[in-house]
Amino acid sequence: MNKEKLLSLLLVLLCSFFSVQAQDKKAAKAQIKKLIDSAVVDFSESEYDKALEYSKKALVQSFAIDDHLLIAQSYNTIGVIFNECSESAKAIEFYNKALVYTKKVNNDKMFNWIYSNLGSVYYFNDIDVPKGINYYKKALYYAEKIKDTAQIEFTKLNLASAYFAIKKYDLGNQEIHDVQQQIFEKGSEEAKMSLHLLLGIYDSNNNKKQSGEQHFFEAKRIAKENQFDSYLINIYENLVRHYKLHNDLPKSQLYQQKLDSLNKVVYSEDKIANLKKAATQIELQEYKIQLAKIESENEKHQKILKESKLIVILFIVILIILLLLLLTLYKNMKLREQANYELKQANEALIEAKEKAEEASQLKSQFVSTITHELRTPLYGVIGITNIITDEHKELVNSPHLKSLKFSAKYLLSLVNDILQINKIEEKRVVLENHIFNISDEITTIQNSVEYIADKNNNKLTVEIDTAIPEFLIGDKLRLSQIIMNLMSNALKFTKNGEVTLTADLKEVVNKTYYIEFKVKDTGVGIAKEDQSKIFDKFVQIERKEEDYQGTGLGLSIVSRLIQLFNSEIHLESEENVGTTFSFTIGFEYDAQKSQEIINNIEVDLSDAHLCNILVVEDNKINQMVTKKIIQNSNMTCTIVDDGYAAIVALERERFDLILMDINMPLINGFETTRKIREKGIDVPVIALTAFDKQEVTEEAISAGMNDIMVKPFEPSKLFQVISNNIKNKESVD
């Protein structure tokens, strides 16, 4: 026999083998589907033990042919039976098993069935109604995806029933309204019965006793005519509630008796016992199936080793396949070249999209920077003029209007800073710094800042600091202050006639790191459990019923992200109308020698008798007035010019100890002005006064020859400190 005939014979034998195998598998599938159908029939007739036996056989045979879809259907049917007999835990277990195998075949219809059944087990057994609603919504998604009208109707009816259970009658009525006409015109008897039952519940709870009663009776009629015993139980339960609600005790007791009688028939003790026994048998059967698979695989391997002829045949088949693969290699190479070309084009498109995304991000950052600058500039004037009025008119120191003005300006400034802060955090431009600080001083400053809110809401503000905490610590005091300020102001804002407490306790010491737990506790309105998981998201403001609380919704988002920078996390405990507690733990370094060195470096002696002459370069008239007043209050003199060119002329005519330089000016900006000053050999210290964020301008400021940067608005004491440090540094160099 030649090679061509041998090859042809081999191919014919293989085709025959696979054809017979395919026919056997098809017959097995038909048998399994028949078993599942029988289970459904017995279930509808309340023969649960028989239905479970058919389902078990279907499951065993589905495993035998390794058909994931039929395995899923069998598990789903078993879950339905256990759910009907109030075995909720078992039902959920089998539904989840069905879900595992459905995901392997990605069958939308099965997804619809299983999610609908999961919704029912969580809702009808009163385990977790909101969770049941979520499963119903998933089921509705797949029903609409496959355009199954009947499943859409039943899912919406189930959703309505679940909403009614948690007293959200309007939401439930909306679901009914979507399918009501369609069900009355073309719906099945089961759908019509369910619809009448739901309409009865809705009318009964909306003081429509007679209308509700008519719907309940119509549902009862349909259930009896079609022998829907399990549905009839539900109808009787609702009739009992209906008559109790409308104070008709005799009828309520009548239907309670009917309900008890029907329960005894449908859910007999023998049936429940048989179900539990069957559940154990199914679990044992699953283990046997898995064990049989392992033994079968082992036998196959032994058979392969013993039958060398079969190995030779397999080798020949593999060799033939390899030859066929070699013949198609050229085509595959061409396809690969085409794929590489398409991949290259896709890569270029991705690069272009990446560039556009980066450009959009840059534009966003630029927009945020510009907006914050334009807001900070007038705020500098507002806060400064408020301070001037306070200084010049001592009789207005305690004026509530002046305090309100100052608070509003600082509040607006904090919003601006929040927007800039969240933008910097998202772009990962926030780096923690190390400064020497005193926790008591920082908290006292915060306490003074929020005193206005406490007084406004008639709150008692208490601060408790552990005496074991060292006087000076090293860390990022600015970020810590931002965290505590946000939490304190939030607590005071959402508390009326109550108490807000801030505590700082030393929890542990590891080497030189002192771990301090901070707690902000209030007796305010509290946060609902369903809202607690989202309060740290950006722009989230929990809906309040009676009060109008201002804010951007950024505060807690910033707090959470800043605490993450400290390698820590924030914890929340809250109860509505009782209060809220936020807590977090941060480690700070304590080093007595290092602390003393830093303190020595930042000490500022403002009692120097030397009279400083300051040149102020500022184009904004209001800001000129504010800056001049701040300088004059410190017993210094100043000259004010409107632009950079005028500054250069002033420097040629007069000697100055220091220059305060605005950056954003017409004609010539502060950077270019400073460059021209340095080109002329003038080494007077130049301090940039800007409303831009410090990190945005630091690099260019240094390259232009500036000595330091002050961000407006600022506290006068900080300006004096910067002026004094730079003048002393200049004198020490000279």
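Every value quoted in this text rests on a predicted model; they were computed, and no experiment measured them.

Novice: Would you mind showing me how to read the overall build of the chain here?
Specialist: Counting its secondary structure elements, the chain contains 26 helices and twelve strands. Evaluated residue by residue, the chain yields a buried proportion of 42% over its 734 residues. A separation threshold of at least 6 residues defines the contact pool for the chain, and within that pool the share at least 24 residues apart is 66%.

Novice: Just to check I follow, could you spell out helix α11 (residues 229-245) for this structure?
Specialist: Turn by turn, an α-helix covers 3.6 residues, leaving residues three or four places apart pointing in a common direction. Taking 1.5 Å of rise per residue, 17 residues should cover 24 Å, and α11 covers 24 Å from first to last C-alpha, within 8% of that figure. By the burial criterion, the buried members of α11 are Leu232, Ile233, Ile235, Tyr236, Asn238, Leu239, Val240, His242 and Tyr243. Where α11 terminates, the next one or two residues include asparagine 247, which has phi positive at roughly 60°.

Novice: Explain the pairing of strand β8 (residues 613-617) here, please?
Specialist: Strand residues, when the strand is regular, have side chains that alternate between the two faces of the sheet. By the criterion of burial, β8 is predominantly enclosed, with five of the five residues buried. Going residue by residue along β8, you find Asn613, Leu615 and Val617 tucked away on one face and Ile614 and Val616 tucked away on the opposite face as well. Bridge count between β8 and strand β9 (residues 637-641): five bridges; the pairing is parallel. By the bridge assignment, asparagine 613 is partnered in β9 with threonine 637. Assessed by its sense of winding, the connection that carries the chain from β8 through helix α22 (residues 621-633) to β9 is right-handed. Looking at chain direction, β8 and strand β10 (residues 658-662) are connected through four bridges and run parallel.

Novice: Honestly, the side chain of threonine 580 in this entry has me stumped. Any pointers?
Specialist: Looking at the secondary structure, you find threonine 580 in strand β7 (residues 579-589). The class for threonine 580 is buried, based on a relative accessible area of 4%. Within the structure, the side chain of threonine 580 is placed 2.8 Å from the side chain of serine 574, a separation counted as a polar contact. Discounting residues that sit within four places of it in the chain, threonine 580 has contacts with Val520, Lys521, Asp522, Gly526, Ile527, Leu572, Glu573 and Ser574.

Novice: Hey, could you run me through the nonpolar core in this one?
Specialist: Buried together is how nonpolar side chains tend to be arranged in soluble globular proteins. If you look at the biggest cluster of nonpolar residues, it comprises 38 residues, and the most contacted ones within it are Ile483, Ile484, Leu487, Phe518, Phe582, Phe584 and Phe588. Among the elements of the structure, α17 (439-449), α18 (451-456), α19 (477-493), β4 (499-510), β5 (513-522), α20 (555-565) and β7 are those that each provide at least two residues to this core. Looking at which element gives the most residues to this core, the answer is α19, with seven residues. Other than its neighbours up to four places away in sequence, phenylalanine 582 contacts Leu487, Phe518, Lys519, Val520, Ile527, Ile535, Phe536, Leu556, Ile570, His571 and Leu572.

Novice: Quick question: what am I supposed to make of the packing of aromatic side chains here?
Specialist: How two aromatic rings sit relative to each other is given by the distance of their centres and the angle of their planes. For the coordinates displayed, the defined rule picks out 20 aromatic pairs. Taking 6.1 Å as the distance between ring centres and 65° as the angle between the ring planes, the aromatic pair formed by phenylalanine 566 and phenylalanine 588 counts as edge-to-face. In this pair, phenylalanine 566 is assigned in the loop between α20 and β6 (571-575) and phenylalanine 588 in strand β7, connecting sequence segments 22 residues apart. Comparing phenylalanine 566 with phenylalanine 588, the two get one shared label, buried. What links up through ring pairs into an aromatic cluster is the set Phe111, Tyr115, Tyr122, Tyr135, Tyr141 and Tyr142.

Novice: Please clarify how the pattern of salt bridges should be interpreted in this entry.
Specialist: Here the idea is simple: oppositely charged side chains can pair when their charged atoms come close. Taken as a whole and judged by the stated rule, the model has 16 salt bridges. Here aspartate 108 and lysine 145 are joined by a salt bridge, their closest N and O atoms 3.5 Å apart. Within this pair, whereas aspartate 108 is found in helix α5 (residues 108-124), its partner lysine 145 is found in helix α6 (residues 129-145), the two being separated by 37 residues in sequence. Note that arginine 221 is salt-bridged to glutamate 218, the shortest N-O span being 2.5 Å. Residue arginine 221 and its partner glutamate 218 are both found in helix α10 (residues 209-225); the two are separated by three residues, about one turn of the helix. On the basis of relative accessibility, which here comes to 35%, the residue arginine 221 falls in the partly exposed class. One connected set of salt bridges, linked through shared partners, spans Lys90, Glu93 and Lys97.

Novice: Quick question: what am I supposed to make of the confidence of the model for the chain here?
Specialist: For any part of a model where pLDDT is low, the fine detail of the predicted coordinates should not be relied upon. The share of residues in the chain with pLDDT of 70 or more is 76%, and the mean pLDDT across the chain is 79. Note that residues 1-18 has pLDDT below 50 and, in this model, six contacts with residues that lie over four places away or in other chains. This stretch, residues 603-609, has a pLDDT under 50; its non-local contacts, to residues over four places away or in other chains, come to eight contacts.

Novice: Is there a simple way to think about the sheet that holds β10 in this case?
Specialist: Paired through their backbone hydrogen bonds, the strands of a sheet run either parallel or antiparallel. Taken in spatial order, the five strands of this open sheet run β9-β8-β10-β11-β12, and their pairing is parallel. Pairing within the sheet leaves two strands with one partner each, and these edge strands are β9 and β12 (708-711). Each strand axis lies, on average, 20° off the axis of its neighbour in the sheet, ignoring direction. Where helix α23 (residues 644-653) meets the sheet, its contacts fall on β8, β9 and β10, and the angle it forms with β8 comes to roughly 160°.

Novice: What's the story with the pairing of β12 in this structure? I'm lost.
Specialist: Relative to β12, strand β11 (residues 686-690) is paired through four bridges, and the arrangement is parallel. Looking at the pairing, isoleucine 687 lines up with aspartate 708 of β12. Crossover handedness for the path β11 to helix α25 (residues 694-704) to β12: right-handed.

Novice: Explanation requested: the packing of α17 against α19 in the structure shown.
Specialist: At their nearest, the axes of α17 and α19 sit 10 Å apart, and the two run at 35° to each other. By crossing handedness, the relation of α17 to α19 is classed as right-handed. Two secondary-structure elements touch here, α17 through Glu442, Ile443, Ile446 and Ser449 and α19 through Lys477, Ser481, Ile484, Met485 and Met488. Residue composition of the contact of α17 with α19, grouped by class: five nonpolar, two polar and two charged.

Novice: Before we go on, may I ask you to explain helix α4 (residues 88-105) in this structure?
Specialist: If you check α4, its first and last C-alpha atoms are 26 Å apart, about what 18 residues at 1.5 Å a residue would give, namely 26 Å. Among all positions in α4, only Ser88, Ala91, Ile92, Phe94, Tyr95, Ala98, Leu99, Tyr101 and Thr102 are buried. Following α4 by one or two positions, asparagine 106 adopts a phi angle in the positive range, close to 55°.

Novice: Any chance you could explain the side chain of serine 194 here in plain terms?
Specialist: Among the structural elements, serine 194 can be located in helix α9 (residues 189-204). When sequence neighbours within four positions are dropped, the list of residues in contact with serine 194 reads Phe154 and Leu157.

Novice: How do you make sense of the packing of helix α3 (residues 68-84) against α4 when you look at a structure like this?
Specialist: A pair of packed helices is captured by two measures, namely the crossing angle of their axes and the spacing between those axes. Packing of α3 against α4 leaves a shortest axis separation of 8 Å and a crossing angle of 160°. Classified by the angle their axes make, α3 and α4 are roughly antiparallel. The hand of the α3/α4 crossing is left-handed. Residues His68, Leu69, Ile71, Ala72, Tyr75, Asn76, Ile78, Gly79, Val80, Phe82 and Asn83 of α3 pack against Lys90, Ala91, Phe94, Tyr95, Lys97, Ala98, Tyr101, Thr102, Lys104 and Val105 of α4. A class-by-class count of the residues in the contact of α3 with α4 yields 13 nonpolar, five polar and three charged.

Novice: Please explain the environment of isoleucine 709 as it appears in this structure.
Specialist: Structurally, isoleucine 709 can be placed in strand β12. The buried category is assigned to isoleucine 709, whose relative accessible area is 9%. The sequence separation of isoleucine 709 and leucine 689 amounts to 20 residues, and the corresponding C-alpha distance is 6.2 Å. Those residues in contact with isoleucine 709, other than ones at most four positions away along the chain, are Ile687, Ala688, Thr690, Lys694, Val697, Thr698 and Ala701.

Reading the values: rules and limits
- Residues numbered from 1 in each chain as written.
- Predicted model: local features only at pLDDT ≥ 70, side-chain atom pairs only at ≥ 80, totals over all residues.
- Heavy atoms only, no water.
- Helix = DSSP H or I, 4+ residues; strand = E, 2+ residues; numbered from the N terminus.
- Buried < 20%, exposed > 50% of the residue type's maximum accessible area, 1.4 Å probe, protein only.
- Contact = heavy atoms within 4.5 Å.
- Expected span 1.5 Å × (residues − 1).
- Pairing = 2+ DSSP bridges.
- Right-handed = clockwise from strand over helix to strand, strands pointing away.
- Polar contact = N/O pair within 3.5 Å; in protein donor to acceptor, adjacent residues only side chain to side chain.
- Core = buried A, V, L, I, M, F, W, Y, C linked by side-chain atoms within 4.5 Å.
- Phe/Tyr/Trp six-rings, centres within 6.5 Å; stacked < 30°, edge-to-face > 60°.
- Salt bridge = Lys/Arg side-chain N within 4 Å of Asp/Glu carboxyl O.
- pLDDT = per-residue confidence, 0-100.
- Axes fitted to C-alpha atoms, helices over the stretch in contact; angles between N-to-C directions.
- Left-handed = near helix turned anticlockwise from the far one by under 90°.
- Nonpolar A, V, L, I, M, F, W, Y, C, P; charged D, E, K, R; others polar.
- Parallel < 35°, antiparallel > 145°, perpendicular 65-115°, else oblique.

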